[in-house]
Amino acid sequence: MKQTISVLVENRAGVLGRITSLFSRRAFNIDSLAVGVTDDPAISRITIIVDNGNSVVEQVEKQLNKLVEVIKVRTLDESSMIGRELMILKVSANAKTRNNIMTICDICGAKVADISPTSMTMELSDTPDRVNTFEEMMRPFNILEVARTGMIALQKGGGKI
Amino acid sequence: MEMTGAQILVEGLLREKVDMIFGYAGATICPLADVLRSTPQLGYTLVRNEQNAGHMASGYARVTGKVGVCIVTSGPGATNLLTGIATAYMDSIPMVAITGQVPSHLLGRDIFQEVDITGAASPFSKHSYLVKDAADLPLILKEAFYIASTGRPGPVLIDVPIDIQEQVVKDVSFPETVSIRGYNPSVRGNDKQIAHVAEAICQAERPVICAGGGVFLSDAMLDFETFAARTRIPVVTTMMGLSLLPTDHPLNMGMIGTQGNVCANKALAKSDLLIMIGTRAADRAIFSPEEIQRRMPSIHIDVDPAEIGKNIQTEIPLVGDVRVILQQILKRDLTTRCTPWLTQLQERRKEELNREYPVRAGSVFPGRLLRLLGERLQEKAAVCVDVGQNQIWACKHLWLKGGRFLTSGGLGTMGYALPAGVGVKVAQPDRQTVVICGDGSFQMAMNELAAVRAGNMDLKIVLLKNGVLGLVNQIQKTAPYHGPFGVSLDGSPDFAAIAAAYGIPSITVGEEGEVENALDRFLAEKGSCLLIAKVDPTVTTSD
């Protein structure tokens, strides 16, 4: 089962290395990992998606907590979080296919970020599932390149971790 | 106050009450060496390979409870030390390792003797620092000693580029205290859980205490003994828990595990409540945790929350410092009802302790020798044991009156015992200290006889010589393998001549009838001595 772990860490050189090293050393699998600074410039938030059993996730949390530079760790409940991923996707496009592509973009809420005589580049920020759906819909048009950020997430409501 | 980075490092070490450094010189650590040169109150023990600086610091830390300190140079000095760091990490030994590093502006260029040592040590160090500004050093040192020695102890690495050691810092001030927001080890146990524990202990009919190295690490030996004596619960230990109770203590049922005592394993298998104290229940101690889980509920007391549920699921987890928790439990009513169970186990234990040892002409049975050795040791003696058959034999047969049993339990590092013994001797020159090695493990560290010699130490070294890497030999002779390979120690030297070359006398014993006399002469020797005991290579750890 996929689970989302939100980790607040000291914003210092080497911290990300410690986290990824921990994952490989303890044989935990990472689906995605996204990192960025928070409103407090001394703190970064790392959002990690893991695909493991519950007992493994508990170990992941505990092992992360052991790292001196990790301030807080919380596994987010899927029903009470806002999770988003950004994808930039480039497909082949010409006069014939452009309209069809635009229709799908409208349905999925993707924006056109760049256009050329032979291609279109779209951006979409949504849940990983919906991002997957959009990618699936673009496949028949010949996808040239895809970049995804991995999901970032916060819990709903006024609470914070 | 204006100071260089190197001066700050040395002043910081003195403020942390460090009195001994285990180290090896090198180019990138020269600024620090230059300050050490004029700091005679800081002792210095020169090793012959950096790995052994780690083991010496470990031996030193384990008998003093203080943080062991080693200082080596960059590149190969640092990589040699890695095994020492990993060994300390696996046994949770408080240690601060300082490595020299190439100039900071050249980091990442692969220049002479550069290696990313904080990266390399990351999977098996508790924390590490790559120092970028000498002004950070006072805080880094304070943090490093705090992290190394609190919670679950472990090695902390500080990598200091040579220019940072030379950097002049104005207005240096040393922090008195330290607080790290991401690091708050638990100390007190949850009161509700303590109540559960006391209740479970009182209700159990066949409880057993399984104690590990954590009891030593939290300096809880006395509280532990009180707890066991008050409850009359039989005690089994892991390898790291050996010497918590004397071998013939009425509650001591021996060591558990695949290589453990029969009585201890029976006690564990038949128990109806397992009380784990300061142990991670690793594979060598508890071979099939699932089976134990199925058979009985357990209480798990450990300072590291990540150990709870890592190897074995537990009914009552209790996170905190073992000593504090034991004191909390001791305040409760502990009227147990396990005396019949204890009596039953004691019968079994007696049989095991009174076993007869086989006699083979032309060799010495290691079990008998170790038992006779143990009987002759002083009560507080420290025994440093290597890895291989010698370790298993010592665990099973060495008679302990208390004192300390030191070995590399987690990583199983051959060559640990001799340098660890040096570390003990440096810390406590008057403490009787014995090293037990096989001829494989001895040859991994015998260069440190130089440290024994240089320190003019009284270190007694027992070499169980059978010409083979015995434990691996045993494994290779067992299915699915087809026979020994690469385990015969051909080309081994004349060990008596090796010792003599370092000015250390030796005694060789090859007949059972000579053992007692040889042991008496060995222990009576004024300074260091090597006892070479000829062991039949076919003797296994189950004999």
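Residues numbered from 1 in each chain as written. Chains lettered and ligands numbered in written order. Predicted model: local features only at pLDDT ≥ 70, side-chain atom pairs only at ≥ 80, totals over all residues.

### Considering the overall build of chain A
Line of reasoning, step 1. The helix and strand tally for chain A stands at four helices and nine strands.
Line of reasoning, step 2. The order of helices and strands in chain A, counted from the N terminus, is β-α-β-β-α-β-β-α-β-β-α-β-β.
Line of reasoning, step 3. Counting every position in chain A, which comprises 161 residues, the buried fraction comes to 25%.
Line of reasoning, step 4. Pairs at least 24 residues apart make up 72% of the contacts formed inside chain A by residues separated by at least 6 positions. (Helix = DSSP H or I, 4+ residues; strand = E, 2+ residues; numbered from the N terminus. Buried ≥ 20, exposed ≤ 12 C-beta atoms within 10 Å, placed from the backbone. Contact = placed C-beta atoms within 7 Å.)

### A few points about the overall build of chain B
Line of reasoning, step 1. A tally of regular secondary structure across chain B gives 22 helices and 20 strands.
Line of reasoning, step 2. Relative to its length of 543 residues, chain B is compact, with a C-alpha radius of gyration of 24 Å against a globular reference of 24 Å.
Line of reasoning, step 3. For chain B, the C-alpha atoms occupy an extent of roughly 70 × 60 × 45 Å along the three principal directions.
Line of reasoning, step 4. Out of the 543 residues belonging to chain B, those deemed buried represent 56%. (Rg over C-alpha atoms; globule rule 2.2 N^0.38 Å.)

### Quick word on the packing of helix α15 (residues 366–376) of chain B against helix α22 (residues 515–524) of chain B
Helix-helix packing is described using two parameters, namely the angle between the two axes and the distance between the axes.
Residues and elements named next belong to chain B.
Line of reasoning, step 1. Direction vectors running N to C along α15 and α22 enclose 45 degrees, while the axes themselves pass 10 Å from each other. Here α22 runs oblique to α15, going by the angle between their axes. In the crossing of α15 with α22, the sense of the turn from one axis to the other is right-handed. Across the interface between the two elements, R368, L369, L372, L373 and R376 from α15 touch V515, E516, L519 and L523 from α22.
Line of reasoning, step 2. Grouping the amino acids of the contact of α15 with α22 by side-chain chemistry returns six nonpolar, no polar and three charged. (Axes fitted to C-alpha atoms, helices over the stretch in contact; angles between N-to-C directions. Parallel < 35°, antiparallel > 145°, perpendicular 65-115°, else oblique. Left-handed = near helix turned anticlockwise from the far one by under 90°. Nonpolar A, V, L, I, M, F, W, Y, C, P; charged D, E, K, R; others polar.)

### What about the interface of chain A and chain B?
Line of reasoning, step 1. Each partner contributes residues to the interface: chain A has 16 residues there, and chain B has 14 residues.
Line of reasoning, step 2. Within the side of chain A that touches chain B, the residues separate by chemical class into three nonpolar, six polar and seven charged.

### Let's talk about the confidence of the model for chain B
Line of reasoning, step 1. Averaged over chain B, the pLDDT score is 96; the fraction of residues at 70 or greater is 100%.
Line of reasoning, step 2. Taken over the whole predicted complex, pTM reads 0.94, whereas the ipTM for its chain interfaces reads 0.87. (pLDDT = per-residue confidence, 0-100.)

### A short note on the domain arrangement of chain A
Residue and element names in this part refer to chain A.
Line of reasoning, step 1. Along its sequence, chain A is carved into domain 1 (2–76) and domain 2 (82–154).
Line of reasoning, step 2. The straight-line distance from the C-alpha centre of domain 1 to that of domain 2 is 29 Å.
Line of reasoning, step 3. Only β1 (2–10), β2 (30–37) and β3 (43–51) provide two or more residues apiece to the side of domain 1 that touches domain 2.
Line of reasoning, step 4. A total of three residues in the side of domain 1 that touches domain 2 trace back to one element, the largest contributor, which is β2.
Line of reasoning, step 5. Broken down by class, the residue content of the side of domain 1 that touches domain 2 amounts to four nonpolar, four polar and no charged. (Domains from an automatic or database assignment.)

### Side note on helix α14 (residues 339–353) of chain B
Residues and elements named next belong to chain B.
Line of reasoning, step 1. Given a rise of 1.5 Å per residue, 15 residues ought to cover 21 Å, and the 20 Å separating the end C-alpha atoms of α14 matches this to within 8%.
Line of reasoning, step 2. Among all positions in α14, only W341, L342, L345 and R349 are buried. Angular distribution of buried residues about the axis of α14 spans 90 degrees; they occupy a single face of the element. Away from its buried face, by an angle of more than 90 degrees, α14 presents the exposed residues T339, P340, T343, E347, K350 and E351.
Line of reasoning, step 3. Where the residues of α14 are buried, they touch β11 (252–255) and α11 (262–270). (Expected span 1.5 Å × (residues − 1). Arc of directions from axis to C-beta.)

### Quick word on the sheet that holds strand β6 (residues 127–130) of chain B
Residues and elements named next belong to chain B.
Line of reasoning, step 1. If you trace the six strands from one edge of the open sheet to the other, you get β3-β2-β4-β5-β7-β6, paired in parallel fashion. Strands with a single pairing partner mark the edges of an open sheet, and in this sheet they are β3 (43–46) and β6. Pairwise comparison of adjacent strand axes, ignoring direction, gives a mean angle of 20 degrees for this sheet. (Pairing = 2+ DSSP bridges.)

### Considerations on the sheet that holds strand β19 (residues 506–509) of chain B
All names here are of chain B.
Line of reasoning, step 1. Here six strands make up an open sheet; going across it, the order is β16-β15-β17-β18-β20-β19 and the pairing parallel. Only two strands of the sheet have a single neighbouring strand rather than two, namely β16 (404–407) and β19. Across this sheet, the average inter-strand angle for adjacent strands is 20 degrees, counted without regard to direction.
Line of reasoning, step 2. In the packing of helix α17 (residues 417–427) onto the sheet, contacts are made with β15 (382–385), β16, β17 (433–438) and β18 (460–465), and the angle to β17 comes to roughly 175 degrees.

### Section: the environment of L86 of chain A
All names here are of chain A.
Line of reasoning, step 1. Looking at the element boundaries, L86 is found in strand β5 (residues 81–92).
Line of reasoning, step 2. Using a count of 16 C-beta atoms within 10 Å as the deciding quantity, one classes L86 as partly exposed.
Line of reasoning, step 3. Considering only alpha carbons, one finds L86 and E135, 49 residues apart in sequence, at a separation of 12 Å.
Line of reasoning, step 4. The contacts of L86, once residues within four sequence positions are left out, are E123, S125 and T149.

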